[in-house]
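# Observations on the three-dimensional arrangement
Single-letter residue listing:
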Amino acid sequence: MNLPNKITISRILLIPIFIILMSVPFEWGSIQMGDRELPVAHLAGAILFILASTTDWIDGYIARKYNLVTNLGKFLDPLADKLLVSAALIILVEIGLAPAWIVIVIISREFAVTGLRLVAAGEGSVLAASQMGKLKTWIQIISISLLLLHNWPFAYLNLPLGIITLYLALIITFYSGYEYFQKNWHVMRDSK
């Protein structure tokens, strides 16, 4: 249990706090943004989500810089990302800020890739995240952050950047899933 793995676990532990912030109807008021309002609870949730997401970069940086990459980390890091992103996307559907069908496609891809990783683990190998998978995660994080912030500051410009990046995340998610299965199909083909 090295430092990067502890940071990854802290990301997982922040998820229930994020869910509570976004799900419990706290009456903390709202901030006016042009013709829109941003509930303070959503702002707090967005800040927590961004903080948790930042730990993804921090744990990876420390693991690579100090040669602390472990199989546990290769397993936990993408799992933590999937849990955080899935929770946030489901919350966005609940509060009416993301279309359910996009969230279903994104989460389905995550389940499929996790299934492939479990088969690989059963065969004694760990499949690390690809560069396209990492790009997918960061585009999802940017999109979710913008949507949690009700598209601030782009709401002032009437530019729906949050939803635009969500569609971009959908495309990259689909492509990276296809690429991941194409590259690692031998795991399924050769499993016992």
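Here, every reference points to the structure presented above.
Scope of this entry: the structure provided in the associated data block. (Residues numbered from 1 in each chain as written. Predicted model: local features only at pLDDT ≥ 70, side-chain atom pairs only at ≥ 80, totals over all residues. Heavy atoms only, no water.)

### Some remarks on the nonpolar core
- One finds Phe18, Phe49, Leu89, Leu92, Ile144, Leu148 and Leu166 to be the most contacted residues of the largest nonpolar core, which totals 30 residues.
- Of all the secondary structure elements, the ones that give two or more residues to this core are helix H1 (3-23), helix H2 (40-65), helix H3 (71-94), helix H4 (100-122), helix H5 (131-148) and helix H6 (161-190).
- Examining the composition of this core, we find that seven residues originate from one element, H3, more than from any other.
- Once residues within four sequence positions are removed from consideration, Ile144 is found in contact with Phe49, Val85, Ala88, Leu89 and Leu92. (Core = buried A, V, L, I, M, F, W, Y, C linked by side-chain atoms within 4.5 Å. Buried < 20%, exposed > 50% of the residue type's maximum accessible area, 1.4 Å probe, protein only. Helix = DSSP H or I, 4+ residues; strand = E, 2+ residues; numbered from the N terminus. Contact = heavy atoms within 4.5 Å.)

### Regarding unusual backbone geometry
- Omega for the peptide link from Trp152 to Pro153 comes to 5 degrees, which places this bond in the cis form.
- Despite not being glycine, Asn151 has its phi angle at roughly 70 degrees, a positive value.
- Relative to the helices and strands, Asn151 is located in the loop between H5 and H6.
- Taking relative accessible area as the criterion, Asn151 reaches 6% and is therefore assigned buried.
- The residue Asn158 is not glycine, and still its phi comes out positive at about 55 degrees.

### With respect to the side chain of Lys136
- Checked against the element boundaries, Lys136 lands in helix H5.
- Residue class for Lys136 comes out buried when judged on its relative accessible area of 4%.
- Side chain to side chain, Lys136 and Glu110 meet in a polar contact 3.0 Å long.
- Setting aside chain neighbours within four positions, we find Lys136 in contact with Lys82, Arg109, Glu110, Ile172, Thr173 and Ser176. (Polar contact = N/O pair within 3.5 Å; in protein donor to acceptor, adjacent residues only side chain to side chain.)

### Considerations on the layout of surface pockets
- Taken as a whole, the largest pocket spans an internal volume of roughly 650 Å³.
- Lining the largest pocket are 33 residues; nearest its centre among them are Asp56, Arg64, Asp77, Ala129 and Lys134.
- For the lining of the largest pocket, the secondary-structure elements that each account for two or more residues are H1, H2, H3, H4 and H5.
- For the lining of the largest pocket, the element with the most residues is H3, which contributes seven residues.
- Its boundaries defined by the atoms lining it, the second largest pocket holds a volume of some 160 Å³.
- Forming the walls of the second largest pocket are 14 residues, and the residues nearest its centre are Arg36, Leu147, His150, Asn151 and Pro160. (1 Å grid on protein atoms, 1.4 Å probe; cavity = no way out; pocket = protein on both sides within 12 Å on 5 of 7 lines; lining within 4 Å. Points joined across faces, edges and corners; volume = space filled by probe spheres on them.)

### Quick notes on the packing of H2 against H3
- Relative to each other, H2 and H3 sit at 165 degrees, their axes nearing to 11 Å. The angle between the axes of H2 and H3 places the two elements in the roughly antiparallel class. When the axes of H2 and H3 are compared, the crossing they make is left-handed. Together, Phe49, Ala52, Ser53, Asp56 and Asp59 of H2 and Asp77, Asp81, Leu84 and Ala88 of H3 make up the contact between the two elements.
- Split by residue class, the contact of H2 with H3 holds four nonpolar, one polar and four charged. (Axes fitted to C-alpha atoms, helices over the stretch in contact; angles between N-to-C directions. Parallel < 35°, antiparallel > 145°, perpendicular 65-115°, else oblique. Left-handed = near helix turned anticlockwise from the far one by under 90°. Nonpolar A, V, L, I, M, F, W, Y, C, P; charged D, E, K, R; others polar.)

### What to know about the pattern of salt bridges
- Under the counting rule described, the total for this entry stands at seven salt bridges.
- Salt-bridge contacts for Asp59 lead to Arg11; the nearest nitrogen and oxygen are separated by 3.0 Å. Within this pair, whereas Asp59 is found in helix H2, its partner Arg11 is found in helix H1, the two being separated by 48 residues in sequence. Comparing Asp59 with Arg11 shows no difference in burial state: the two are buried.
- It is possible to trace a salt-bridge network through shared partners that takes in Arg11, Asp56, Asp59, Asp77 and Asp81. (Salt bridge = Lys/Arg side-chain N within 4 Å of Asp/Glu carboxyl O.)

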